[in-house]
Amino acid sequence: MPKAMVRAAAARAMSVLAKPQITPDVARMNATLSSEIARLTAGEKLALMEELWDELSANENVIPIPAWHKNALAEDQARYDANPTEGAEWDEVKARITRKP
């Protein structure tokens, strides 16, 4: 993989990991929620995560697609359009990444 592509992918990954700005009100709420969540069992935490996911995924317009994501997809599409035979089929990639040494 060309170094430029690796750098671009790394930059996209870092932007995903960057934390959003948190207001004092949200920080207080997070602290309260964190202490409540810490008391839950693992099963209760999983149930909470499922509930949150269901709530967020119920309306795909609730979370807007960020511009960097649209740009990354456009770049990936342009690379594919320029050379559609480059790459590997999913079954081949999956076999390669799940193969044990």
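Before any of the text, the structure's been laid out above.
Residues numbered from 1 in each chain as written. Predicted model: local features only at pLDDT ≥ 70, side-chain atom pairs only at ≥ 80, totals over all residues. Heavy atoms only, no water.

Looking only at helices and strands, the protein features five helices and zero strands. Written out in order from the N terminus, the α and β elements of the protein read α-α-α-α-α. For the protein, the proportion of its 101 residues judged to be buried stands at 3%. In the form shown here, the protein has an accessible surface area of approximately 9300 Å², with 61% of it arising from carbon and sulfur atoms. (Helix = DSSP H or I, 4+ residues; strand = E, 2+ residues; numbered from the N terminus. Buried < 20%, exposed > 50% of the residue type's maximum accessible area, 1.4 Å probe, protein only. Areas by Shrake-Rupley, 256 points an atom, 1.4 Å probe, with all protein chains shown as cover.)

What follows is about a nonpolar patch on the surface. Together, Ile22, Val26, Met29, Leu33, Ile37, Leu48 and Leu52 make up a nonpolar patch on the protein surface, roughly 560 Å² of accessible area in all. Counting residues per element, the ones that place at least two in the nonpolar patch are α2 (24–38) and α3 (42–57). In terms of residues, the nonpolar patch owes the most to one element, α2, which gives four residues. Relative to the assigned elements, Leu33 resides in helix α2. (Patch = residues over 30% accessible without salt bridge, like charges linked within 9 Å, V, L, I, M, F, W, Y side chains within 5 Å. Salt bridge = Lys/Arg side-chain N within 4 Å of Asp/Glu carboxyl O.)

Let us look at the pattern of salt bridges. Scanning the model with the defined rule gives four salt bridges in all. In this structure, the salt-bridge partner of Asp25 is Arg28, at a minimum N-O distance of 2.2 Å. One end of the pair, Asp25, and the other, Arg28, are both in helix α2, three residues apart, so they sit about a helical turn from each other. Between Arg79 and Asp76 there is a salt bridge whose closest N-O contact spans 2.3 Å. Within this pair, Arg79 and its partner Asp76 are both found in helix α4 (residues 67–82), separated by three residues, close to a single helical turn. Judged by its relative accessible area of 32%, Arg79 is partly exposed.

A few words now on a negative patch on the surface. Residues Glu50, Glu51, Asp54 and Glu55 make up a contiguous surface patch of negative charge. Positionally, Glu50 belongs in helix α3. You can call Glu50 exposed: its relative accessible area is 52%. (Lys, Arg positive; Asp, Glu negative; His and termini not counted. Charge placed at Lys NZ, Arg CZ, Asp CG, Glu CD.)

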